[in-house]
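# Structural overview
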Amino acid sequence: MSIVLAIDTASAELALALAIDGECVGSFATPAGHDHSRLLIPGIDRMLGSRRAELSGIVVVHGPGSYAGLRVGIATAEGLALASGVPVAGVGTLEAAAAAAGLIDGTVIHPAGRGEFAALSFANGAATGPARLIARDEVRGPGFAGEGAGELGGHEVPTETRCRAALALGLAVLRSAPSSAVEAFYLREPHITRPRRTPLLAG
């Protein structure tokens, strides 16, 4: 029996999906905010239940997306893979969203902060170039799909649906080129500032 877990922490909502012998048998999503690290392991326990010892592979969404969320998801996937002695496969957020939407021609998007979206365009089912950043006012009409597209006139892709699509894509990767390491993909460096120094009080 083949049991594969998919982890998607690219958004403020985390999602998990499970496949047995190549068929998705369950999935769920839950709001996580900035608590991916606190909620992910209990979610995995809930999804796997008594099947943890039978795990045969892991799929993880590797970005673009939430900086902290992706780090938690990838680290957890790699740690679980190492502990279980199973391979792990990375799947892009945009590729998973495109598959979930059945996008053949158009552009798939994902929120990137600062009023921008990560975007990847497709023609005849194939990407026409690398992922890029676009402004919110460039996202208009039914030619767009992904997280946040619905309110802008496009096709909204829920996190759980994207996770199930990532699982399907990842199953193919596991069959062809399994790995033990996955690199996070960011379109821009995370905005991190140094903490302010607390002035020393005079003695």
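Structure's up top.
First, a word on scope: everything that follows refers to the structure included in this document. (Residues numbered from 1 in each chain as written. Predicted model: local features only at pLDDT ≥ 70, side-chain atom pairs only at ≥ 80, totals over all residues. Heavy atoms only, no water.)

### Side note on the packing of aromatic side chains
- Tallied over the full model, the rule gives 1 aromatic pair.
- Sitting above the plane of the F28 ring, R46 keeps its charged end 3.7 Å from the centroid. (Phe/Tyr/Trp six-rings, centres within 6.5 Å; stacked < 30°, edge-to-face > 60°. Lys NZ or Arg CZ within 6 Å of the ring centre and 35° of its normal.)

### Quick word on the side chain of T9
- Locating T9 in the fold gives a position in the loop between β1 (3-8) and β2 (13-20).
- Separated by 2.6 Å, the side chain of T9 and the backbone oxygen of G69 make a polar contact. (Helix = DSSP H or I, 4+ residues; strand = E, 2+ residues; numbered from the N terminus. Polar contact = N/O pair within 3.5 Å; in protein donor to acceptor, adjacent residues only side chain to side chain.)

### Re the sheet that holds β1
- Here we have 5 strands laid out as an open sheet, ordered β3-β2-β1-β4-β5, and mixed in their pairing. With one partner strand each, in any of the chains shown, β3 (23-31) and β5 (88-91) form the two edges of the open sheet. The average angle at which neighbouring strand axes cross in this sheet is 15 degrees, direction not considered.
- Here 8 bridges tie β2 to β3, and the two strands are oriented antiparallel to one another. By the bridge assignment, E13 is partnered in β3 with P31.
- Contacts from helix α4 (residues 159-176) reach β1, β2, β3, β4 (57-61) and β5 within the one sheet, and its direction differs from that of β2 by about 45 degrees. (Pairing = 2+ DSSP bridges. Axes fitted to C-alpha atoms, helices over the stretch in contact; angles between N-to-C directions. Contact = heavy atoms within 4.5 Å.)

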